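Coordinate analysis (summary)
Residues per chain, in single letters:
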Amino acid sequence: MTVVAEVLNRKGHTVASILPSETIRTAARTLTDRRIGALVVCDRRGRLAGILSERDIVRAVAMHGADALDMPVEDLMTRQVKTCRPEDTIKDLMQMMTLRRHRHVPVCNEAGDLAGVISIGDAVKARLDEQAHEVAVLKDLALVR
């Protein structure tokens, strides 16, 4: 069973983050430049403070118009962030992501430090790779018999 740590070891531990005081305009530019769907919001000490997704920005623009772009990230970010741990299985993580409708989940180690971010795309790819491996093993076993 694939665990989160294995996925992070393959994709990397880089976390795209932003300060709560930055503007939504800056966040939108960062999301576009990096071609990602969410930013982890960290305080000045690097501690997790929230998460801001493309959906959060779209919702704000729908409610506030162009003025939303000048709002601080802290006004729109999700503060109650659901995280996972490196030892969690991808299968369990996918279940949580599906039930809670989260597309991005920060990974925190035992000390609470950020270790990376797993997207739903990362999780799906890991599960597909895992299933492809299982199919190959079963085919090999069938050939042996």
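Residues numbered from 1 in each chain as written. Predicted model: local features only at pLDDT ≥ 70, side-chain atom pairs only at ≥ 80, totals over all residues. Heavy atoms only, no water.

Turning our eyes to something else, we now look at the overall build of the chain. In terms of helices and strands, the chain carries six helices and five strands. Listed by position from the N terminus, the elements making up the chain come as α-β-α-β-β-α-α-α-β-β-α. The C-alpha extent of the chain, read off along each of the three principal axes, is 70 × 35 × 25 Å. Taking all 145 residues of the chain together, the buried fraction comes to 34%. Of all intrachain contacts in the chain linking residues separated by at least 6 positions in sequence, the fraction that spans at least 24 positions is 56%. Accessible area of the chain: about 9100 Å², with a carbon and sulfur share of 51%. One finds the centroid of the 22 positive side-chain charges in the chain at a distance of 3 Å from the centroid of its 20 negative side-chain charges. (Helix = DSSP H or I, 4+ residues; strand = E, 2+ residues; numbered from the N terminus. Buried < 20%, exposed > 50% of the residue type's maximum accessible area, 1.4 Å probe, protein only. Contact = heavy atoms within 4.5 Å. Areas by Shrake-Rupley, 256 points an atom, 1.4 Å probe, with all protein chains shown as cover. Lys, Arg positive; Asp, Glu negative; His and termini not counted. Charge placed at Lys NZ, Arg CZ, Asp CG, Glu CD.)

Attention shifts here to the sheet that holds strand 2 (residues 38-42). In sheet architecture, strand pairing relies on hydrogen bonds along the backbone and comes in two forms, parallel and antiparallel. Across the sheet, three strands lie side by side as 1-2-3; this open sheet has mixed pairing. In the strand order of this sheet, the two ends are held by strand 1 (17-18) and strand 3 (48-53), each with one partner. Bridge analysis of strand 1 against strand 2 gives two bridges, and the strand direction is parallel. Each bridged residue has a counterpart across the sheet, and for Ile18 the counterpart in strand 2 is Val41. Sheet contacts for helix 2 (residues 24-34): strand 1, strand 2 and strand 3; angle to strand 2, the most-contacted strand, approximately 130 degrees. (Pairing = 2+ DSSP bridges. Axes fitted to C-alpha atoms, helices over the stretch in contact; angles between N-to-C directions.)

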